[in-house]
Amino acid sequence: MSSKPSFTLIGGGLVGALLAQQLARRGFTVDVFEKRADPRVAGFAGGRSINLALAERGLQALRSAGLAEDVLRRAVMMRGRMVHTADGRSGLQRYGVDDSEVIWSVSRGGLNTLLLDAAEAAGVRFHFGQALVAADFDAGRIRLADARGAEREHEAPVVIGADGAGSALRAAMNAYRALGERTEWLGHGYKELEIPPAGQLPAALRGASGGHDQFVIEPNALHIWPRGGYMCIALPNTEGSFTVTLFLPAQGPHPSFATLPDAHAAEDFFRDDFADLLPLLPGFTRDYDAHPVGTLATLYLDRWHLDDRALLVGDAAHAIVPFHGQGMNCGFEDTVVLADLLGAGDRDTQAAFAEFQRIRQPNANAIAAMALENYVEMRDSVADPHYLAKRELGARLAERAPAHFMARYRMVTFTHLPYAYALERGRAQDVLLQQLLRGSSDAASVDLEAAVATLQATLPPLPPLRHG
Ligand SMILES: Cc1cc2nc3c(=O)[nH]c(=O)nc-3n(C[C@H](O)[C@H](O)[C@H](O)COP(=O)(O)OP(=O)(O)OC[C@H]3O[C@@H](n4cnc5c(N)ncnc54)[C@H](O)[C@@H]3O)c2cc1C
């Protein structure tokens, strides 16, 4: 018999499946209880977004699990934001310096399936159609219910909750000992629509794809239609379609989901505000009426674990709004940190859980803050001249003094620098850019030599970067 502890995971979604694989590869016995049926048998029943942006942090976790190449084979590269302005113009704002700094659009269902296969191959035992309904932490037992409501018990002295933003394990832990839980609702919701592959659209619409037959608009970009208080985005799928997400206030004056209760009202709104997008959405009426409005919130907890008996990871511990495309990436980073701490074998489970929280919580709080800020940036600032001037000056400084300046988006998206560092450094750099621009919207008006000197005198060099 193994002397290593056995782990019971709740939730076999993106984070649960990857964590299970990482723990099994380090020699732990792992059981995963997942509420839904096995998506490899029953088909993937989404719930959240259909596709997601995978960035360096998530990729690094997949690399350490030996899965990055498999995932990238099924992903579409996105080089930057393709911004579609209200007057029908569009232009690409690159994310990084070149194609070594790109993000990837991946299918949630495809990725989940790949992770389940990998975890199973590593020896993880999955129990599908089993929802956690209660936990007795004193007895070390959990109660599960199948889809028909039939209940069973399972011995689970150490249980890890990867059961998402609405975590049942978190509710059980919180009832046993308060976790200091706080949920801040964004007040904005989202709805998913679809641009089909080019072949399903009239030929006259296929002008903006940059020569790609399969895709009606440029495939290698994350598209944004910023409109001030709201926006649409679109991420490409491998088979030529795009998943479009409309983000809008939930309540309040027009436009909000409350003032657009059905497709008829929403179509008029799209005709006015997203005139170039609407013709690409032939299933608009069906999708708008069939798809629910998703809610968005940030979850904060004071405590992520109950001594050595229970721990929360991924969205169950730190759900964030999706505007930095980092929720899954952050959760994937969690899995490596936790598996390394537990696998090192130099501390007991309680100490490993405590250390996990100590390392990850400030970073989760930082990406939560940056994700909220990025909503304003995406829906509003990407079309604002002062923002664009700051961006341009930042790019010039990064080119001239790469050891001293890196855009915050790049730190978050393309490096492994801790999120908390990116937040703090980004703020300091932003203050400097404001000072250098002195309210101007013309980056070229700033004396670059003097600006570099000020930068180097004001901020210490960036830490050395690890690469892939
Ligand atoms: C609109 C939108 C867009 C997003 N885009 C991005 C993006 O581009 N990039 C990015 O990095 N992140 C993105 N995210 C965030 C990302 O979806 C989450 O961070 C990620 O899914 C978290 O994974 P998880 O495994 O922790 O939780 P989940 O993916 O929610 O998985 C939880 C799992 O637990 C199961 N479960 C739930 N309750 C129980 C129970 N009682 N018993 C057993 N099992 C249970 C569920 O069925 C599910 O399989 C986005 C989120 C949204 C809402």
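For the structure, check the block above.
Report follows, based on the coordinates. (Residues numbered from 1 in each chain as written. Predicted model: local features only at pLDDT ≥ 70, side-chain atom pairs only at ≥ 80, totals over all residues. Heavy atoms only, no water.)

## Remarks on the sheet that holds strand β12 (residues 159-161)
Taken in spatial order, the 6 strands make up an open sheet running β8-β2-β1-β12-β19-β18, and their pairing is mixed. With partners counted over all chains shown, the strands left at the sheet margins are β8 (125-128) and β18 (305-306), one partner each. Note: β12 against strand β19 (residues 310-312), 3 bridges, orientation parallel. Across the sheet, Ile-160 pairs through a bridge with Leu-311, a residue of β19. Its contacts with the sheet put helix α6 (residues 168-176) on β12, β18 and β19, and the angle it makes with β19 is roughly 125 degrees. (Pairing = 2+ DSSP bridges. Helix = DSSP H or I, 4+ residues; strand = E, 2+ residues; numbered from the N terminus. Contact = heavy atoms within 4.5 Å. Axes fitted to C-alpha atoms, helices over the stretch in contact; angles between N-to-C directions.)

## Structural notes on the packing of aromatic side chains
For the structure on display, the rule yields 18 aromatic pairs. For the ring pair Tyr-190 and Phe-247, a centre distance of 6.1 Å and an interplane angle of 40 degrees mean the geometry is tilted. On the criterion of sequence distance, the pair formed by Tyr-190 in strand β13 (residues 182-195) and Phe-247 in strand β16 (residues 242-249) is long-range, its members being 57 residues apart. Residue classification places Phe-247 among the buried positions, given a relative accessible area of 5%. A network of ring pairs unites the aromatic residues Tyr-230, Phe-269, Phe-270, Phe-274, Phe-284 and Tyr-288 as a single cluster. Sitting above the plane of the Phe-28 ring, Lys-4 keeps its charged end 4.6 Å from the centroid. Over the face of the ring belonging to Tyr-300 we find Arg-182, whose NZ or CZ atom lies 4.5 Å from the ring centre. (Phe/Tyr/Trp six-rings, centres within 6.5 Å; stacked < 30°, edge-to-face > 60°. Buried < 20%, exposed > 50% of the residue type's maximum accessible area, 1.4 Å probe, protein only. Lys NZ or Arg CZ within 6 Å of the ring centre and 35° of its normal.)

## Topic: the nonpolar core
Counting residues in hydrophobic clusters, the biggest one holds 72 residues, and the most contacted among them are Leu-23, Leu-115 and Phe-332. Residues in contact with Phe-332, not counting those within four places in the same chain, are Leu-14, Val-15, Leu-18, Gly-58, Ala-61, Leu-62, Leu-111 and Leu-115. Tyr-300, Ala-366, Ile-367 and Leu-423 belong to the second-largest nonpolar core, a separate cluster that totals 35 residues. (Core = buried A, V, L, I, M, F, W, Y, C linked by side-chain atoms within 4.5 Å.)

## Comments concerning the packing of helix α12 (residues 385-400) against helix α15 (residues 448-458)
Pairs of packed helices are described in terms of their axes, by the angle between the two and the distance that separates them. Two numbers describe how α12 lies on α15: the axes approach to 10 Å, and their chain directions differ by 75 degrees. When the interaxial angle is binned, α12 and α15 end up roughly perpendicular. In this structure, α12 contributes Leu-393, Arg-396, Leu-397 and Arg-400 to the contact, and α15 contributes Leu-448, Glu-449, Ala-451, Val-452 and Leu-455. Counted by class, the contact of α12 with α15 contains 6 nonpolar, no polar and 3 charged residues. (Parallel < 35°, antiparallel > 145°, perpendicular 65-115°, else oblique. Nonpolar A, V, L, I, M, F, W, Y, C, P; charged D, E, K, R; others polar.)

## Structural notes on the environment of Val-336
Looking at the secondary structure, you find Val-336 in helix α10 (residues 327-344). Given the relative accessible area of 19%, Val-336 is considered buried. Between the C-alpha atoms of Val-336 and Pro-196, which are 140 residues apart in sequence, the distance is 36 Å. With near-sequence residues (within four places) excluded, Val-336 lies in contact with Gln-22, Ala-61 and Ser-64.

## Things to note about the sheet that holds strand β11 (residues 151-155)
What the 3 strands build is an open sheet, ordered β9-β10-β11; its pairing is antiparallel. Strands at the two margins of the open sheet, each flanked by one partner only, are β9 (131-136) and β11. With direction set aside, neighbouring strand axes in the sheet form an average angle of 25 degrees. Taken together, the 5 bridges between strand β10 (residues 141-145) and β11 define a ladder with antiparallel strand orientation. For Arg-141, the partnering residue across the bridge sits in β11 and is Glu-155.

## With respect to the pattern of salt bridges
Within this structure, the stated rule accounts for 35 salt bridges. With a shortest N-O distance of 3.4 Å, Arg-182 and Glu-184 are connected by a salt bridge. By relative accessible area, which is 43% here, Arg-182 ends up partly exposed. Three or more residues joined by partner-sharing salt bridges are found here, namely Arg-141, Arg-143, Glu-151, Glu-153 and Glu-155. (Salt bridge = Lys/Arg side-chain N within 4 Å of Asp/Glu carboxyl O.)

## A look at the pairing of strand β5 (residues 80-84)
Burial within β5 is extensive, with 5 of its 5 residues counted as buried. Inspection of the sheet shows β5 paired to strand β6 (residues 90-94) by 5 bridges, in the antiparallel sense. Directly across from Gly-80, in β6, lies its bridge partner Arg-94. Pairing geometry for β5 and strand β14 (residues 222-226), over 3 bridges, is parallel. Within β14, the position partnered with Arg-81 by the bridge is Leu-222.

## Points about the site of the ligand
The local shell around the ligand holds 31 residues, among which Glu-34, Arg-36, Ala-53, Arg-108 and Asp-315 are the closest. Here an oxygen atom of the ligand and a side-chain polar atom of Arg-36 are 2.6 Å apart. Separating a nitrogen atom of the ligand from a backbone N or O atom of Gly-325 is a distance of 3.1 Å. Starting from 1,000 Å² of accessible surface for the ligand in isolation, the protein chains cover 91%. Elements with a contribution of two residues or more to the shell around the ligand: α1 (14-25), β2 (29-34), β3 (51-54), β9 and α10. Residues belonging to the shell around the ligand are distributed by class as follows: 13 nonpolar, 11 polar and 7 charged. (Near = heavy atom within 4 Å. Polar contact = N/O pair within 3.5 Å; in protein donor to acceptor, adjacent residues only side chain to side chain. Areas by Shrake-Rupley, 256 points an atom, 1.4 Å probe, with all protein chains shown as cover.)

## Description of α10
Helical geometry note: an α-helix holds 3.6 residues per turn, so side chains three or four residues apart project in the same direction. Across its 18 residues, α10 extends 26 Å between first and last C-alpha, which sits within 8% of the 26 Å expected from 1.5 Å per residue. Across the 18 residues that make up α10, a large majority, 14, are buried. Looking one or two places after α10, you find Gly-345, whose phi comes out positive at around 70 degrees. (Expected span 1.5 Å × (residues − 1).)

## Comments concerning the pairing of strand β1 (residues 6-10)
Buried residues dominate β1, accounting for 4 of its 5 residues. Since β1 and β2 lie parallel, the crossover through α1 that links them has a hand, and here it is right-handed. Bridging between β1 and β12 involves 3 bridges; their strand directions are parallel. For Leu-9, the partnering residue across the bridge sits in β12 and is Ile-160. (Right-handed = clockwise from strand over helix to strand, strands pointing away.)

The values reported here are purely geometric and, on their own, carry no functional implication.
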